[in-house]
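# Tertiary structure, described
Single-letter residue listing:
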Amino acid sequence: MKKLICQRILLKLSGEALMSESGGNIDSEIITNLALDVKALCDQGLQVGLVIGGGNILRGAQQSSKGYGRVASDHMGMLATVINALAMQDTLESIGQPTDLMSALKIEQVCEEYHYRKAIAALEKNKVVIFAAGIGSPFFTTDTAASLRAIEINAQLLIKATNVKGIYSADPNKDPNAVFYPQLTYNEAIDQRLNVMDTTALILCNDHDLPMRIMNIFEPNALMALMQGEEIGSYIKRG
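In short, a report on the structure. Remember, predicted model here, so these are calculated numbers, not experimental data.

Right, let's get into the pattern of salt bridges. Under the definition given, this model contains 9 salt bridges. With a shortest N-O distance of 3.6 Å, Lys-160 and Asp-143 are connected by a salt bridge. Placement of Lys-160 in strand S6 (residues 157-162) and of Asp-143 in helix H5 (residues 142-152) is noted, with a sequence separation of 17 residues between them. We note a salt bridge from Arg-213 to Glu-231, for which the minimum N-O separation is 3.4 Å.

Moving on, we get to the pairing of strand S3 (residues 99-103). Among the 5 residues of S3, 5 are classified as buried, and the element is accordingly described as predominantly covered. Both faces of S3 are covered, namely the face carrying Thr-99, Leu-101 and Ser-103 and the face carrying Asp-100 and Met-102. In the sheet, S3 pairs with strand S5 (residues 128-132) via 5 bridges, with the strands oriented parallel. Note that in S5 the partner of Leu-101 across the bridge is Ile-130. Here S3 runs beside strand S4 (residues 112-113); their pairing, made up of 2 bridges, is parallel. Counterpart to Ser-103 in the pairing with S4 is Glu-113.

Turning our attention to the layout of surface pockets. To find the voids left in a structure, one rolls a probe of water-molecule size over its atoms. By volume, the largest pocket is sized at about 1,100 Å³. Lining the largest pocket are 47 residues, and of these Ser-14, Glu-16, Arg-59, Asp-143 and Lys-160 sit closest to its centre. Class assignment for the residues of the lining of the largest pocket results in 18 nonpolar, 19 polar and 10 charged.

The next subject is the packing of helix H1 (residues 28-43) against helix H3 (residues 70-94). Across the interface, H1 lies against H3 with an axial gap of 9 Å and an inter-helix angle of 60°. As far as their axial angle goes, H3 and H1 are oblique. In the crossing of H1 with H3, the sense of the turn from one axis to the other is right-handed. Contacts between H1 and H3 pair Ile-31, Thr-32, Leu-34, Ala-35 and Val-38 from the former with Ala-87, Met-88, Thr-91 and Leu-92 from the latter. Class assignment of the residues belonging to the contact of H1 with H3 gives a composition of 7 nonpolar, 2 polar and no charged.

Conventions adopted
- Sequence order as written defines residue numbering, which begins from 1 separately in each chain.
- This being a predicted model, a pLDDT of at least 70 is required before a residue's local features are given, and a value of 80 or more before pairs of side-chain atoms are given or counted; all residues contribute to the totals for chains, interfaces and linings.
- Side-chain metrics in this entry use all non-hydrogen atoms of the structure; hydrogen atoms and water are not considered.
- Salt bridges are counted wherever a side-chain nitrogen of Lys or Arg sits within 4 Å of a carboxyl oxygen of Asp or Glu.
- By the criteria applied, helices consist of DSSP H or I runs no shorter than four residues and strands consist of E runs no shorter than two, each listed in order from the N terminus.
- Throughout this description, buried means an accessible area under 20% of the type-specific maximum (1.4 Å probe, protein chains only), exposed means over 50%, and partly exposed covers the range between.
- For two strands to count as paired, DSSP must find a minimum of two bridges between them.
- Cavity means a closed set of points on a 1 Å grid over the protein atoms alone, one where a 1.4 Å probe fits but cannot get out, pocket means an open set with protein on both sides within 12 Å along at least 5 of 7 lines, and lining means a residue has an atom within 4 Å of a point.
- Grid points are joined across faces, edges and corners, and a volume is the space filled by probe spheres set on the points.
- Throughout this entry, Asp, Glu, Lys and Arg are counted as charged residues, while Ala, Val, Leu, Ile, Met, Phe, Trp, Tyr, Cys and Pro are counted as nonpolar. The remaining residues, Gly among them, count as polar.
- Structural elements are reduced to axes, namely lines fitted to C-alpha atoms, with helices fitted over the stretch in contact, and the angle between N-to-C directions of any two is expressed from 0 to 180 degrees.
- An angle below 35 degrees is read as roughly parallel, one above 145 as roughly antiparallel, one from 65 to 115 as roughly perpendicular, and any other as oblique.
- For any pair of crossing helices, the crossing counts as left-handed if the nearer helix is rotated counterclockwise from the farther one by less than a right angle, and right-handed if it is rotated clockwise.
- Any two residues whose heavy atoms approach within 4.5 Å are treated as being in contact.

Printed below as a string of structure tokens:
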């Protein structure tokens, strides 16, 4: 096997990535395939942190638009991420990959309370650490949570998994003339409003010199190829 390009990563998955084509909230085949990809990395010695959104179940912003208060809506969204995190934890452990599930909200019956030192210690024991419930506060997205957790655990790379090749000037599924960007700076992504991640997440990464890779998670063996040095997706760096 080729040498891996880094030792520790944070992988951000959207909740929608877990959905079946028929609209089911969590597709067991999809989540199993994702878990197998993650385990393959761990088997090569890579330390993996994982943040999963909750959009396949509920989005806080959408609930707020329906008349619920924003704080309550965002807490509902955080709980949706816990459901996805539990599903991923159980799937990973069913294929023999040890995990720790840490929540920014206190849910002691199902999740350990998050602390960055405990997370780092677990990663060093080759456990996948799954971070649930965002940062535990309303008004912040799971994109921001992924950036913050990556910085706290000293990840060398933040990977945002999507269903397209990487960053485009427009939605490539809607605009055939959309331009692909193989590399950008965070300032360029912010200035051009490319909707890569929310602005808070991008600023955090820029300020802490944390590079990010945007890639199609559903391409076979893409994660492993990326970790072995292949140029996959779009790369964002400080600038």
